[in-house]
Amino acid sequence: VKASENAAFDTAKVYFKTGRDALGPRGWEGDYRTMLDLCSHGANACFVTGDFDSMNELIDEVLSKDIDTKEKYRVSEIKVKSLLTVGKANEAINAALDFRRQLGLPAP
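Here's what I pulled together on the structure shown here. (Residues numbered from 1 in each chain as written. Predicted model: local features only at pLDDT ≥ 70, side-chain atom pairs only at ≥ 80, totals over all residues. Heavy atoms only, no water.)

### Description of the nonpolar core
At step 1: Judged by nonpolar contacts, the single largest core of 14 residues is most densely connected at Trp28, Ala43, Met55, Ile59, Val62 and Ile78.
At step 2: Secondary structure elements with two or more residues in this core: α3 (32–49), α4 (52–63) and α5 (73–85).
At step 3: Per-element tally for this core: the top contributor is α3, with 6 residues.
At step 4: Apart from residues lying up to four places away in sequence, Ala43 is in contact with Met55, Leu58, Ile59 and Ile78. (Core = buried A, V, L, I, M, F, W, Y, C linked by side-chain atoms within 4.5 Å. Buried < 20%, exposed > 50% of the residue type's maximum accessible area, 1.4 Å probe, protein only. Helix = DSSP H or I, 4+ residues; strand = E, 2+ residues; numbered from the N terminus. Contact = heavy atoms within 4.5 Å.)

Below you can see the structure in the form of structure tokens.
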């Protein structure tokens, strides 16, 4: 069952990339909501399949955009989960606390 689930995410990664490619380099300007969804869901598909390099590229792309911090939640969550997955608990905690601060929430 696990293999079939990962295969679905492998296919999804291709579709998300195709969508980003179709919108082109100006996709964020033309339809940022769709680009946000494609990058966020693409990052999750990469996380599930263990493609951490591509996942980090997508996360960094979203985090670099001048959009509302709340809209960056999904990729921030994926970033924290991926850091925990590879045994980087301190980095995961720091990333989570940093995001809380960006949202204006208290963080130790």
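Text resumes after the structure shown.
### Structural notes on the pattern of salt bridges
At step 1: Here the structure, examined in full by the defined rule, presents 5 salt bridges.
At step 2: With a closest N to O distance of 3.8 Å, Lys13 and Asp10 form a salt bridge. Here Asp10 and Lys13 lie together in helix α1 (residues 2–23), a separation of 3 residues that amounts to about one turn.
At step 3: Taking relative accessible area as the criterion, Asp10 reaches 38% and is therefore assigned partly exposed. (Salt bridge = Lys/Arg side-chain N within 4 Å of Asp/Glu carboxyl O.)

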